[in-house]
Amino acid sequence: MTLDHRLIELLVCPVCKGPLELSRDDLQRPTDLVCNADRLAFPIRDGIPVMLETEARSLDLPPAP
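Here the structure is a predicted model, which is why all the values come from computation and not from measurement. (Residues numbered from 1 in each chain as written. Predicted model: local features only at pLDDT ≥ 70, side-chain atom pairs only at ≥ 80, totals over all residues. Heavy atoms only, no water.)

What follows concerns the side chain of Asp-32. With respect to the element layout, Asp-32 can be found in strand S2 (residues 30-35). What makes Asp-32 buried here is its relative accessible area of 9%. Of note is the side chain of Asp-32, whose polar atom sits 3.4 Å from the side chain of Thr-31. Excluding residues that lie within four positions of it along the chain, Asp-32 makes contacts with Glu-21, Leu-22, Ser-23, Ala-41, Phe-42, Pro-43, Ile-44 and Arg-57. (Helix = DSSP H or I, 4+ residues; strand = E, 2+ residues; numbered from the N terminus. Buried < 20%, exposed > 50% of the residue type's maximum accessible area, 1.4 Å probe, protein only. Polar contact = N/O pair within 3.5 Å; in protein donor to acceptor, adjacent residues only side chain to side chain. Contact = heavy atoms within 4.5 Å.)

Below is the structure:
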């Protein structure tokens, strides 16, 4: 499942209301929506962005194994 680029343009960070960047893995699949201001990455699961602060991972911490 792919994300609609129009949707990505409309979504903002739920914490600061700032812009988000799409992050992709090595196979060019969307993995996260990243807020550079808050240093948070919101996961994309089954093509659906999970825009909950409690589900976001900090970009300042090493990734979980």
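Here strand S3 (residues 40-45) lies mainly inside the structure; five of its six residues are buried. Joining the antiparallel neighbours S2 and S3 is a turn of four residues, in which Arg-39 adopts a positive phi near 60°. In terms of strand pairing, S3 meets strand S5 (residues 57-58) through two bridges, oriented antiparallel. Residue Leu-40 lies in a different strand from S5, and its bridge partner there is Ser-58. Across two bridges, the pairing between S3 and strand S4 (residues 48-49) is antiparallel. Across the sheet, the residue bridging to Arg-45 is Ile-48, located in S4. The turn linking S3 back onto S4 is made up of two residues, and Asp-46 within it adopts a positive phi angle of 55°. (Pairing = 2+ DSSP bridges.)

If you look at soluble globular proteins, the nonpolar side chains tend to sit buried side by side. Counting residues in hydrophobic clusters, the biggest one holds nine residues: Ile-8, Cys-13, Leu-20, Leu-33, Cys-35, Leu-40, Phe-42, Ile-44 and Ala-56. Of all the secondary-structure elements, those providing two or more residues to this core are S2 and S3. (Core = buried A, V, L, I, M, F, W, Y, C linked by side-chain atoms within 4.5 Å.)

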